[in-house]
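Residues per chain, in single letters:
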Amino acid sequence: MQEFSSEGVRIAMIDAPPERGETGRPVLLIHGFASNHAVNWVFPHWLKTLNAAGRRVIAFDNRGHGRSEKLYRPEDYDLALMAADARNLLDHFAIEAADIIGYSLGARIAAVFALTYPERAGAFVFGGLGAKLFETAGLGEPIARALEAPSLASLDDGLGKIFRAFAEATKSDLPALAACARGARRQFSAAELAAITAPVLVAVGTKDDIAGAPQPLAALFPAGRALAIPERDHNRSVGDAAFKKAALAFLERT
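Predicted, not measured: the structure shown is a model, and the values here were computed from it.

**Some remarks on the side chain of Asn40**
Okay, so step 1: Counting through the fold element by element, Asn40 comes out in helix H1 (residues 37–42).
Okay, so step 2: There is a polar contact of 2.8 Å between the side chain of Asn40 and the backbone nitrogen of Gly32.
Okay, so step 3: The residues contacting Asn40, other than those within four sequence positions of it, are His31, Gly32, Ser35, Trp46, Tyr103 and Val238.

**Considerations on the packing of aromatic side chains**
Okay, so step 1: For the coordinates displayed, the defined rule picks out seven aromatic pairs.
Okay, so step 2: Centre to centre, the rings of Phe113 and Phe124 are 6.5 Å apart; their planes meet at 65°, and the pair counts as edge-to-face. Of this pair, Phe113 sits in helix H4 (residues 105–116) while Phe124 sits in strand E6 (residues 121–127), and the two are eleven residues apart along the sequence. One exposure class covers both Phe113 and Phe124, and it is buried.
Okay, so step 3: Taken together, a centroid distance of 5.9 Å and an interplanar angle of 65° make the contact between Phe124 and Phe126 edge-to-face. For the pair formed by Phe124 and Phe126, the shared burial category is buried.
Okay, so step 4: An aromatic cluster is present here, built from Phe113, Tyr117, Phe124, Phe126 and Phe221 joined pairwise through their rings.
Okay, so step 5: Residue placement shows Arg56 over the ring face of Phe93; its charged tip is 5.2 Å from the ring centre.

**Things to note about unusual backbone geometry**
Excluding glycine, residues mostly have negative phi values, and the peptide bonds linking residues are mostly trans.
Okay, so step 1: Not every positive phi belongs to a glycine, and Glu7 is a case in point at roughly 55°.
Okay, so step 2: One can find Glu7 in the loop between strand E1 (2–6) and strand E2 (9–16).
Okay, so step 3: Phi at Lys171 takes a positive value of approximately 55°, unusual for a residue other than glycine.
Okay, so step 4: If you trace the backbone, Lys171 turns up in the loop between helix H7 (159–169) and helix H8 (174–183).

**Concerning the pairing of strand E5 (residues 98–103)**
Okay, so step 1: Judged by how many residues are buried, E5 sits mostly within the fold: six of six residues are covered.
Okay, so step 2: Side chains Ala98, Ile100 and Gly102 of E5 all project onto a buried face; the interleaved residues Asp99, Ile101 and Tyr103 project onto the opposite face, where all are buried too.
Okay, so step 3: Where strand E3 (residues 27–30) lies against E5, four bridges are found, and the strand directions are parallel. Paired with Ile30 across the bridge in E5 is Gly102.
Okay, so step 4: As paired strands, E5 and E6 are joined by five bridges and run parallel to one another. The partner of Ile100 across the bridge, within E6, is Phe124.
Okay, so step 5: Regarding the hand of the β-α-β motif, the stretch spanning E5, H4 and E6 is right-handed.

Quick notes on the rules
- Residues numbered from 1 in each chain as written.
- Predicted model: local features only at pLDDT ≥ 70, side-chain atom pairs only at ≥ 80, totals over all residues.
- Heavy atoms only, no water.
- Helix = DSSP H or I, 4+ residues; strand = E, 2+ residues; numbered from the N terminus.
- Polar contact = N/O pair within 3.5 Å; in protein donor to acceptor, adjacent residues only side chain to side chain.
- Contact = heavy atoms within 4.5 Å.
- Phe/Tyr/Trp six-rings, centres within 6.5 Å; stacked < 30°, edge-to-face > 60°.
- Buried < 20%, exposed > 50% of the residue type's maximum accessible area, 1.4 Å probe, protein only.
- Lys NZ or Arg CZ within 6 Å of the ring centre and 35° of its normal.
- Pairing = 2+ DSSP bridges.
- Right-handed = clockwise from strand over helix to strand, strands pointing away.

Structure, rendered in C-alpha cells:
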C-alpha cells in the first residue's frame, strides 16, 4: 500500500490501474465501519471486476481503520473530515472527477462528499445503506459502548455484539472505532439529500436489517435508482455478484 497525508492525517491507499486500456472515469471506493479496503473491496473481487471493465480503481482505509492513522477523539471522525480525506485523495492523484462507491459508513461519507464536492464525482453507488441514511444519524453510543466492553462474551446479543465481533475479526483498533462511532454522525433531511443531482444507485440486501430499504432513499434523488440484492444480509451484500454486475452497468450508463 501507499500512503499520503490528508491535512496531517496519514491515510493508506492503493491505486490499481486496469491491465489494458483505461475506459471511463476512475472509481473511488469507500469502505464501511470496522472494515478496510481489503475486506470490502479486494477480497470480494471489486478491484478485479472494475479493472476488467477498464476502470482505474482508487481505494483507501478510512482514518481510524486498517493501516491508516488511528485517532481517538470523536471530533476527528466528523463526516466532513472523512469526506475531505476522499477529496484529498483525488487531489493527490490529480483526478478531477471519479465515480464513487461507498458501502455502509462509506455510503454515508459518500453522501457528504456529494453535497460538499458535487463537481468531483460523476455518479455514486450507495451500498448497504438505504432509508437509514435519513432516518438515523449513524451508529452512535450503543456501538461505541460495545466496542469498549471488556469482552465480546460480556455483551448481550444485538447490533453492538455484531459490530464488536466484526471489529475483532478485522483486527481493528477498538478504541479508535469507538471514537469513530461517536463522531461519524450526521442527521440528513430528505430535502438535503434531494439536492444530490448526480446519478445514485442505492443497493441493499433483502435480508439487511441494518441499512433500511433502498427504495425510499433512491426516490429522494432526482436521478436515483434502487436495487434490492436478493437474499443477502448486510455483510454478505457487499460481495454479491448481482450487486457488482448492476453497479458496473449503472456506472457505464452515466
